[in-house]
Amino acid sequence: MRGLVWFRRDLRLHDNPALSAACKECKEIVPLFVFDEPLLASQVFGSVCVGFMLGCLEDLRRSLAEQGVTLVWRMGEPIDTVLRTVQECAVDAVYWNRDYEPAAVARDRTVQQRLAQQGRLVRTFKDHVVFEAEEVRGLTGDPFQRYSAYRDRWWTQWRSAAPPLLSVPSSPAASTAMKVSAWPTVQELGYESVPMWIEPGEQAARARLQWFLKKPVHSYVSGRNLPAQDGTSKLSPHLRFGTISTRTMVHAALQTLSKGGQVSRPDVFTWMDELVWREFFQQVLMAFPHVTEGPFKVKPGLPAPRPAGPERDRLFAAWCEGRTGYPIVDAGMRQLNQTGWMHNRVRMVVASFLVKDLRIDWQSGERYFMQHLVDGDVAANNGNWQWCASTGTDAMQGYRIFNPTLQSEKFDPDGHYLRSYVPELTSVPTKWIHEPQLMPQEEQIRVGCRIGSDYPEPIVNHRQARQEYLDLGKQKVST
Ligand SMILES: Cc1cc2nc3c(=O)[nH]c(=O)nc-3n(C[C@H](O)[C@H](O)[C@H](O)COP(=O)(O)OP(=O)(O)OC[C@H]3O[C@@H](n4cnc5c(N)ncnc54)[C@H](O)[C@@H]3O)c2cc1C
């Protein structure tokens, strides 16, 4: 049998169910990657994300080549392109790992139907998550809407049926001889070439996991909140493109606990629970696909966003460019613009600031994040934006409004993170770093940072903005 393995969000050889099954069941395989031309043209993602994906593909191409297998690429609308390649290679069966984004689900359903009409075998696999939505359900059989209940059920499920890991197929099937032109560059895909600060590919993901589990994970509970520290795994881009599986990460983390030595159980479990958060948002997207179009739940008392117009555009531009006059917000947005990544604590602060202080619709922030994040993922991005906007699955009554200054003082007390992304503040003394607008005039001149010219005045007064938000909310409840 000749099988085609359609790689999508699973750019790796280890623990890859579709690849393993194809290698077991077929004499010959055609590994395929399709560049989704309409998606690339839509510029939903940014250069750093596309560049990272190309790096992962290059790593996969090399690993397959070492096994004597050629990774084939095509460019076009994915449905037609896959069907054409299937015809061209005369394959009997097509293998892929499932994707749960609504657009991908619709695409895959069409491909599956058309292949079935042609009498070809289609084999799809669970891979992107440890447990699919219907595997983690409450007593009523309904999907969970609260993370804590979902997490408890998720762990019960793991304890009763922990999924095994698949090794790299040891004798992969022979590759069908195919002509493959040179792989496109990021510029040829219509994007800019930007320096990669995080190494793409499967080998890099596995090395990063090992490094993280050796030390940083054992102080994760405190370390994960400090943006100046390398205290988190930074594996999110790898999970986005599937250069490592979540199964591998959970098994490896649990193994560190059984090794003895200096391990911290609460820290390791807190980190694994973040992986469960990721799955929680995946299942929210699967069970409630309307979240991509609007709020998960319409909650009474949420103030309407600021109306469209020049004032809204001015405030939004200042947020995007990191010119709000709030150092923690500006550092976060500049980190995002420069590197394609932002620390989770700071993501929460900038999101709250956009929605609650500036009263700009959360979807504008969600879109901007997708266009700039290296780890941009519909489920995680949407779920977190809705959480920050108080429209999502958050169990909290009322609103959560972050105070950017207090967050900055608490989580970056010495201002190391602020100074590394906002160079205007480099010489501002720590005493003033969180609220530089309070610096006396003579101090501003002395340190070479004049507020209003070298660094902006705060674009809104947080205390007033917060009160306005709460007052608008009350009016809405009472009308
Ligand atoms: C407004 C906003 C938007 C976000 N957009 C995205 C996004 O597009 N893609 C994305 O992967 N994450 C997103 N996150 C979640 C989180 O910020 C990142 O997953 C995390 O910062 C990645 O860093 P890490 O790999 O070092 O995480 P670690 O702290 O090492 O955590 C391990 C893994 O757990 C998962 N995880 C951690 N926190 C969360 C969370 N809050 N929600 C879901 N999964 C989580 C990630 O897969 C992460 O790689 C967003 C958070 C906010 C507040």
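Residues numbered from 1 in each chain as written. Predicted model: local features only at pLDDT ≥ 70, side-chain atom pairs only at ≥ 80, totals over all residues. Heavy atoms only, no water.

Caption draft 1: Fine view of the overall build of the chain. Each helix and strand counted, the chain has 21 helices and six strands in total. For the chain, whose C-alpha radius of gyration is 24 Å, the value lies close to the compact-globule estimate of 23 Å for 479 residues. Summarising its shape, the C-alpha atoms of the chain cover approximately 75 × 55 × 50 Å along the three principal directions. Counting only contacts in the chain whose residues sit at least 6 apart along the sequence, the fraction spanning at least 24 positions is 78%. Here the chain has roughly 21,000 Å² of accessible surface; of this, 52% comes from carbon and sulfur atoms. For the chain, the distance from the average position of its 56 positive side-chain charges to the average position of its 53 negative side-chain charges is 4 Å. (Helix = DSSP H or I, 4+ residues; strand = E, 2+ residues; numbered from the N terminus. Rg over C-alpha atoms; globule rule 2.2 N^0.38 Å. Contact = heavy atoms within 4.5 Å. Areas by Shrake-Rupley, 256 points an atom, 1.4 Å probe, with all protein chains shown as cover. Lys, Arg positive; Asp, Glu negative; His and termini not counted. Charge placed at Lys NZ, Arg CZ, Asp CG, Glu CD.)

Caption draft 2: Fine view of unusual backbone geometry. For arginine 359, which is not glycine, the phi torsion reads 50° and is therefore positive. With respect to the element layout, arginine 359 can be found in the loop between helix H14 (344–357) and helix H15 (362–372). By relative accessible area, which is 15% here, arginine 359 ends up buried. With phi around 60°, serine 390 is a residue other than glycine that occupies positive phi space. Looking at the element boundaries, serine 390 is found in the loop between helix H16 (378–388) and helix H17 (404–411). (Buried < 20%, exposed > 50% of the residue type's maximum accessible area, 1.4 Å probe, protein only.)

Caption draft 3: View of the side chain of arginine 74. Within the fold, arginine 74 resides in strand S3 (residues 72–76). The class of arginine 74 is buried, set by a relative accessible area of 18%. A distance of 2.8 Å separates the side chain of arginine 74 from the side chain of glutamate 88, its partner in a polar contact. (Polar contact = N/O pair within 3.5 Å; in protein donor to acceptor, adjacent residues only side chain to side chain.)

Caption draft 4: Representation of the packing of helix H11 (residues 265–287) against H16. Following both chains from N to C, one finds H11 and H16 inclined at 95°, their axes separated by 8 Å at the closest point. Between H11 and H16, the angle falls in the class roughly perpendicular. Where H11 abuts H16, its residues Trp277, Phe281, Gln282 and Leu285 lie against Val378, Ala379, Ala380, Gly383, Asn384 and Trp387. The residue inventory of the contact of H11 with H16, partitioned by class, reads seven nonpolar, three polar and no charged. (Axes fitted to C-alpha atoms, helices over the stretch in contact; angles between N-to-C directions. Parallel < 35°, antiparallel > 145°, perpendicular 65-115°, else oblique. Nonpolar A, V, L, I, M, F, W, Y, C, P; charged D, E, K, R; others polar.)

Caption draft 5: Molecular detail of the pairing of strand S2 (residues 28–36). Taking burial as the measure, the nine residues of S2 include seven buried ones, the bulk of the element. Judged from the six bridges that link them, strand S1 (residues 2–7) and S2 form a sheet pairing that is parallel. Across the sheet, the residue bridging to tryptophan 6 is leucine 32, located in S2. Bridging between S2 and S3 involves five bridges; their strand directions are parallel. Bridge pairing in S3 links phenylalanine 35 to methionine 75. (Pairing = 2+ DSSP bridges.)

Caption draft 6: How the structure looks around the site of the ligand. For the ligand, the set of nearby residues contains 26 residues, the closest of which are Tyr220, Thr232, Ser233, Lys234 and Asn344. One of the backbone nitrogen or oxygen atoms of lysine 234 is found 2.6 Å away from an oxygen atom of the ligand. Backbone polar atom of leucine 235 to an oxygen atom of the ligand: 3.0 Å apart, as the coordinates give it. Starting from 820 Å² of accessible surface for the ligand in isolation, the protein chains cover 96%. Looking at the shell around the ligand, the elements with two or more residues in it are helix H9 (236–241), H11, H14 and H16. Looking at the shell around the ligand element by element, the count peaks at five residues for H11. A breakdown of the residues in the shell around the ligand according to their chemical character gives 13 nonpolar, seven polar and six charged. Two domains each provide a minimum of three residues to the shell around the ligand, namely domain 2 (129–164 + 202–287) and domain 3 (310–478). (Near = heavy atom within 4 Å. Domains from an automatic or database assignment.)

Caption draft 7: Spotlight on the pattern of salt bridges. Tallying each qualifying case throughout the model produces 28 salt bridges. Linking arginine 9 and glutamate 101 is a salt bridge whose minimum nitrogen-to-oxygen distance equals 2.8 Å. In this pair, arginine 9 is assigned in the loop between S1 and helix H1 (17–25) and glutamate 101 in the loop between strand S4 (93–97) and helix H5 (102–117), connecting sequence segments 92 residues apart. For the pair arginine 9 and glutamate 101, a shared accessibility class is recorded, and that class is buried. In this structure, arginine 151 and aspartate 152 form a salt bridge, with 3.3 Å as the shortest nitrogen-oxygen distance. Judged by its relative accessible area of 24%, arginine 151 is partly exposed. According to the relative accessible area criterion, aspartate 152 is partly exposed, its value standing at 44%. (Salt bridge = Lys/Arg side-chain N within 4 Å of Asp/Glu carboxyl O.)

Caption draft 8: Representation of the packing of aromatic side chains within the structure. All told, the structure shown has 32 aromatic pairs when counted by the stated rule. With a centroid separation of 3.9 Å and 5° between ring planes, the pair formed by tyrosine 147 and tryptophan 277 is classed as stacked. One end of the pair, tyrosine 147, is in helix H6 (residues 147–160); the other, tryptophan 277, is in helix H11, and 130 residues separate them in sequence. On the numbers, 5.8 Å between centres and 80° between planes, the contact of tryptophan 277 with phenylalanine 280 is edge-to-face. Of the two residues, tryptophan 277 and phenylalanine 280 both sit in helix H11, three residues apart, roughly one turn of that helix. With a relative accessible area of 23%, tryptophan 277 lands in the partly exposed category. Put simply, the rings of Phe144, Tyr147, Tyr150, Trp277, Phe280 and Phe281 pair up and form one aromatic cluster. Its guanidinium or amino end placed over the ring of tryptophan 6, arginine 8 lies 4.5 Å from that ring's centre, counting from NZ or CZ. The lysine or arginine in question, arginine 312, covers the ring of phenylalanine 316, its NZ or CZ lying 4.7 Å from the ring centre. (Phe/Tyr/Trp six-rings, centres within 6.5 Å; stacked < 30°, edge-to-face > 60°. Lys NZ or Arg CZ within 6 Å of the ring centre and 35° of its normal.)

Function-wise, these values are silent; they only describe arrangement.
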